[in-house]
Amino acid sequence: GSVKWKGQELIGKKPYEIAHLGLGYVPENRDIFPTLTVHQNLLLGQKKVGAAVGRGTRWSFDDMYTMFPRLKERQHTEAGVLSGGEQQMLTLCRTLMGDPELIMIDEPTEGLAPKIVELVAEYLRELHRRGIGVLLVEQKLTIALEVAKRCLVMGHGRIVFDGTTDE
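Rules behind the numbers
- Residues numbered from 1 in each chain as written.
- Predicted model: local features only at pLDDT ≥ 70, side-chain atom pairs only at ≥ 80, totals over all residues.
- Heavy atoms only, no water.
- Pairing = 2+ DSSP bridges.
- Helix = DSSP H or I, 4+ residues; strand = E, 2+ residues; numbered from the N terminus.
- Axes fitted to C-alpha atoms, helices over the stretch in contact; angles between N-to-C directions.
- Contact = heavy atoms within 4.5 Å.
- Core = buried A, V, L, I, M, F, W, Y, C linked by side-chain atoms within 4.5 Å.
- Buried < 20%, exposed > 50% of the residue type's maximum accessible area, 1.4 Å probe, protein only.

Draft legend 1. View of the sheet that holds strand β5 (residues 133-137). In space, the 3 strands of this open sheet follow the order β3-β4-β5, with parallel pairing throughout. Looking at the sheet topology across the chains shown, the edges are occupied by β3 (23-26) and β5. If you compare each strand with its neighbour and ignore which way they point, the axes differ by 15° on average. Across 5 bridges, strand β4 (residues 102-106) lies against β5 in parallel orientation. Bridging across to β5, methionine 104 finds its partner in leucine 135. Most of the contacts of helix α5 (residues 84-96) go to β3, to which it runs at about 170°, and overall it touches β3 and β4. In the packing of helix α6 (residues 114-129) onto the sheet, contacts are made with β4 and β5, and the angle to β4 comes to roughly 160°.

Shown next, in the form of structure tokens:
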């Protein structure tokens, strides 16, 4: 198989090469760096300064801390002691710091409290407002329908629906 983005083959590329093409990935298992602070984790997500010139969608630490004030409160805390919800916020924000054009997000609400699920939904709405494409894998249909334009539903390993959220 071949997997292409912007005419370039992705298979065989290093993760940083894929990120530099404008693809972001938020893994289901969160993959934070537990011994680094919240701020250091966000710093690791940043592209080189000037990489996003011209698109005007560069994300800042202030953007992250405004979207998730709890991360600002804990910016000097080691990420390993954060709650699951805080770690998910951190992973979402770290991906944004790379200024992607498309983000692939795997089960962002898995195991989170309803209040945090709503924060994740607001994050997804903000991505939409800023024109960032999202490929979302999510079991909670209500969240997916709320933030998606197009929906594919799988059942028993097969696509059983492909259409707009209104359909």
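Draft legend 2. Fine view of the nonpolar core. Within the largest apolar cluster, 31 residues are counted, with the highest numbers of intra-cluster contacts made by Leu42, Leu96, Tyr123 and Leu127. For this core, the element with the most residues is α6, which contributes 7 residues. Excluding residues that lie within four positions of it along the chain, leucine 42 makes contacts with Phe61, Met64, Tyr65, Leu90, Cys93, Arg94 and Met97.

Draft legend 3. The arrangement of the pairing of strand β7 (residues 158-164) in detail. Pairing between strand β6 (residues 150-155) and β7: 6 bridges, direction antiparallel. Bridge pairing in β7 links glycine 155 to arginine 158. Here β6 hands over to β7 after 2 residues, with histidine 156 in that stretch at a positive phi of 55°.

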